[in-house]
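Observations on the model geometry
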Amino acid sequence: LLRQYYTLMEKDIISKLEAGYYGLEILPTKWHPIIQEAINIRKNVKEDVLNTSEEKLKQTPDFFIL
């Protein structure tokens, strides 16, 4: 989703990881945990940002409504 957002806003294409960092720069801090979680998954980092599966399940669909 962030890659598509970046392309629409910046008229360019970037990697999924770069799009995650872009999201951390431009989106409200409310979304930073779910973005950081995605970055960690992409980088194969085993550190959870969101504490529970329930938090992940709640934030993910909310982010797509952004």
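Provided above is the structure to which this section pertains.
Next up on the list: the packing of helix α1 (residues 2-10) against helix α2 (residues 16-26). One way to put it is that α1 packs onto α2 with a least axis distance of 8 Å and a crossing angle of 70°. In terms of axis orientation, α1 runs roughly perpendicular to α2. For the pair α1 and α2, the crossing hand works out as left-handed. In contact with L2, R3, Y5, Y6, M9 and E10 of α1, α2 contributes K16, A19, G20, Y22, G23 and I26. For the contact of α1 with α2, the class distribution of residues is seven nonpolar, two polar and three charged.

To describe a pair of aromatic rings, you give the distance between the ring centres and the angle between the ring planes. Tallied over the entire structure, the rule returns two aromatic pairs. On the basis of an interplanar angle of 45° and a centroid distance of 6.5 Å, the ring pair of Y5 and Y22 is categorised as tilted. Linking Y5 in helix α1 with Y22 in helix α2, this pair joins segments that are 17 residues apart in sequence. Residue Y5 is classed as partly exposed on the basis of its relative accessible area of 32%. Under the relative-accessibility criterion, Y22 is labelled buried at 11%. One aromatic cluster is present, built from ring pairs that chain together Y5, Y6 and Y22.

Counting eleven residues, the largest nonpolar core consists of L2, Y6, I14, A19, Y22, L27, W31, I34, I35, I39 and F63. Counting residues per element, the ones that place at least two in this core are α1, α2 and α3 (32-42). For this core, the element with the most residues is α3, which contributes three residues.

Glancing now at the packing of α2 against α3. Relative to each other, α2 and α3 sit at 160°, their axes nearing to 9 Å. On the basis of their axis angle, the class for α2 and α3 is roughly antiparallel. Between α2 and α3 the crossing geometry is left-handed. Residue-level inspection shows K16, L17, G20, Y21, G23 and L24 of α2 in contact with α3, the latter providing H32, I35, Q36, I39 and R42.

Rules behind the numbers
- Residues numbered from 1 in each chain as written.
- Predicted model: local features only at pLDDT ≥ 70, side-chain atom pairs only at ≥ 80, totals over all residues.
- Heavy atoms only, no water.
- Axes fitted to C-alpha atoms, helices over the stretch in contact; angles between N-to-C directions.
- Helix = DSSP H or I, 4+ residues; strand = E, 2+ residues; numbered from the N terminus.
- Parallel < 35°, antiparallel > 145°, perpendicular 65-115°, else oblique.
- Left-handed = near helix turned anticlockwise from the far one by under 90°.
- Contact = heavy atoms within 4.5 Å.
- Nonpolar A, V, L, I, M, F, W, Y, C, P; charged D, E, K, R; others polar.
- Phe/Tyr/Trp six-rings, centres within 6.5 Å; stacked < 30°, edge-to-face > 60°.
- Buried < 20%, exposed > 50% of the residue type's maximum accessible area, 1.4 Å probe, protein only.
- Core = buried A, V, L, I, M, F, W, Y, C linked by side-chain atoms within 4.5 Å.

Any link to function would need more than the numbers given here.
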